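# Results of the structural survey
For reference, the chains in residue letters:
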Amino acid sequence: MVGNHLAQHPDLSLTAIGLATHIQSLPEGALVGIKSLAAKFREGASRIAAALRELEAYGYLSRTKVRLPSGRIVTRTTSFNNPDGERPAAPRPPAMDLRPPRPVPAEPAPAGFTPVPAEPVPTPAPMPISMPVPTGPLPAGPDPVPVPDPVPVPVPVPTVPRDQPRPTPAPLPRPSAPDLARARTAADLLAGLRARDARLLLSAADISRLTPAVSAWLERGIEPTAVQQTLTTLLPQEPLHHPAGFLAHRLTTLLPPPLPPEPEPAPHARPHPFQTCETCDRAFRAPEPGRCKECAAGGS
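What comes next concerns the included structure. Just so you know, these numbers come straight off a predicted model, no measurement behind them. (Residues numbered from 1 in each chain as written. Predicted model: local features only at pLDDT ≥ 70, side-chain atom pairs only at ≥ 80, totals over all residues. Heavy atoms only, no water.)

### A few points about the overall build of the protein chain
In terms of regular secondary structure, the protein chain is built from 11 helices and four strands. For the protein chain, the proportion of its 300 residues judged to be buried stands at 20%. Sequence separation of 24 or more characterises 49% of the internal contacts of the protein chain that already satisfy a separation of 6 or more. (Helix = DSSP H or I, 4+ residues; strand = E, 2+ residues; numbered from the N terminus. Buried < 20%, exposed > 50% of the residue type's maximum accessible area, 1.4 Å probe, protein only. Contact = heavy atoms within 4.5 Å.)

### Re the pairing of strand β1 (residues 61-67)
Bridge count between β1 and strand β2 (residues 73-79): seven bridges; the pairing is antiparallel. Note on β2: the bridge partner recorded for Leu 61 is Ser 79. Between the antiparallel neighbours β1 and β2 lie five residues, among them Gly 71 with a positive phi of about 100°. (Pairing = 2+ DSSP bridges.)

### Comments concerning the nonpolar core
Residues Val 214 and Leu 247 are the most contacted members of the largest nonpolar core, which totals 21 residues. When residues of this core are traced back to their parent elements, those giving at least two are α6 (180-191), α8 (204-219), α9 (224-232) and α10 (243-253). Ranked by residues supplied to this core, first place goes to α8 with six residues. Residues Leu 37, Ile 48, Ala 51 and Leu 61 belong to the second largest nonpolar core, which totals 15 residues. (Core = buried A, V, L, I, M, F, W, Y, C linked by side-chain atoms within 4.5 Å.)

### Structural notes on the pattern of salt bridges
Within the structure shown, the criterion is met by four salt bridges. Across the pair Glu 56 and Arg 63 runs a salt bridge, and its minimum N-O distance is 3.0 Å. Taking relative accessible area as the criterion, Glu 56 reaches 32% and is therefore assigned partly exposed. Looking at Arg 63, the relative accessible area reads 28%, which means it is partly exposed. (Salt bridge = Lys/Arg side-chain N within 4 Å of Asp/Glu carboxyl O.)

### Some words on helix α4 (residues 45-57)
For an α-helix the count is 3.6 residues per turn, leaving residues at separations of three or four pointing the same way. Under the 1.5 Å per step criterion, the end-to-end length of α4 is 18 Å for 13 residues, consistent within 8% with the ideal 18 Å. Among the residues making up α4, those that are buried are Ile 48, Ala 49, Ala 51, Leu 52 and Leu 55. Buried residues of α4, seen end-on, are gathered within an arc of 160° and therefore sit on one face of the element. In α4, those exposed residues whose orientation departs by more than 90 degrees from the buried face are Ser 46 and Ala 57. (Expected span 1.5 Å × (residues − 1). Arc of directions from axis to C-beta.)

### A few points about the side chain of Thr 211
Positionally, Thr 211 belongs in helix α8. Dropping the residues within four chain positions of it, Thr 211 is found in contact with Ala 183, Ala 186, Ala 187 and Leu 190.

### Side note on the environment of Asp 11
Looking at where Asp 11 falls in the secondary structure, it is placed in the loop between α1 (4-7) and α2 (14-24). Judged by relative accessible area, which is 49%, Asp 11 ranks as partly exposed. In the structure, Asp 11 is positioned 47 residues away from Tyr 58 in sequence and 9.0 Å away in space, judged by C-alpha atoms. Ignoring any residue separated from it by four or fewer positions in sequence, one finds Asp 11 in contact with Glu 54 and Tyr 58.

### Section: the packing of aromatic side chains
What characterises a pair of aromatic rings is the spacing of the ring centres plus the angle enclosed by the ring planes. Under the counting rule described, the total for this entry stands at zero aromatic pairs. Just above the ring of Phe 274 sits the side chain of Arg 285; from NZ or CZ to the centre is 3.9 Å. (Phe/Tyr/Trp six-rings, centres within 6.5 Å; stacked < 30°, edge-to-face > 60°. Lys NZ or Arg CZ within 6 Å of the ring centre and 35° of its normal.)

### Quick look at the state of the cysteines
Scanning the entire structure with this criterion turns up zero disulfides. Between Cys 277, a cysteine without a disulfide, and Cys 280, which holds the nearest cysteine sulfur, the sulfur-to-sulfur distance is 3.5 Å. The buried category is assigned to Cys 277, whose relative accessible area is 1%. Cys 292 forms no disulfide, and the closest cysteine sulfur to it belongs to Cys 295, at a distance of 3.5 Å. (Disulfide = S-S within 2.5 Å.)

### Description of the environment of Thr 64
For Thr 64, the location among the structural elements is in strand β1. Overall, Thr 64 belongs to the partly exposed group, its relative accessible area being 40%. Expressed as a C-alpha distance, the spacing of Thr 64 and Val 74, which sit 10 residues apart in the sequence, is 8.4 Å. Contacts of Thr 64, omitting those with residues within four sequence positions, involve Val 74, Thr 75 and Arg 76.

### Describing the packing of α8 against α10
Running from amino to carboxyl end, α8 crosses α10 at an angle of 15°, the nearest separation of the two axes being 10 Å. In terms of orientation, α8 and α10 fall into the roughly parallel class. Relative to α10, α8 is oriented so that their crossing is left-handed. Contact residues: Asp 206, Arg 209, Leu 210, Ala 213, Val 214 and Trp 217 in α8; Ala 244, Leu 247, Ala 248, Arg 250 and Leu 251 in α10. When the residues that make up the contact of α8 with α10 are grouped by side-chain class, the tally is eight nonpolar, no polar and three charged. (Axes fitted to C-alpha atoms, helices over the stretch in contact; angles between N-to-C directions. Parallel < 35°, antiparallel > 145°, perpendicular 65-115°, else oblique. Left-handed = near helix turned anticlockwise from the far one by under 90°. Nonpolar A, V, L, I, M, F, W, Y, C, P; charged D, E, K, R; others polar.)

Below you can see the structure in the form of structure tokens.
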């Protein structure tokens, strides 16, 4: 029978309670390993292993390693229907006596016995050790070597002149010829960058300043999607305080070279004019009048 202490256990999970009920219903010697139980039930091996650990923690299971005569080591599982009633109680250690020890009464001396005091053992007096006392002035030792004081080494501090001019940034690229449709496409591309990243929000003045640079990219045959990908890929993680300056730097430093001009097609050679054979009066192409190939070959 399954007791209420197991069926209504307040700390065991439902999986552990059900697994304990199943194990208690099995005969002695049945296999209750994790693999054999996982093959029977839908719960996976991890949930069954966790339920076995719960039952072992609360005393419903005991798993010990046993070596078989063949040398193989197996796990022997023992199930307890009532852990509190079946397991023998551990022996308690004896209580420690904290009371002071009682004095042992001395045995009474026999009648007519007179105690004789023990003679004191003489302690030998310490022997004085004579040490030679030097007379006269002490020999002079070597003079102490003076240790020089450490000299502080000045650390050079780099100085940056305040009036040094900052490097002038490279000018933004511009198209070789104005194109209204290309400029409109460039402005729409810059305005739509904030949809890719909210940090690339540009003002109307910034869009007007950067539009010629984007037009220069489009003029060199770069597709708008490729320009957008170049401006929005591998952005820094920190906030962009000046998105217009960041985009201007990329548009300037990453500008691809223009495509080489397409080679001009080779001119077609004009055919020779028609001539009339002087022998057979047939027409043939030749640079000068004369005879055709057949007549020239037969006459020769």
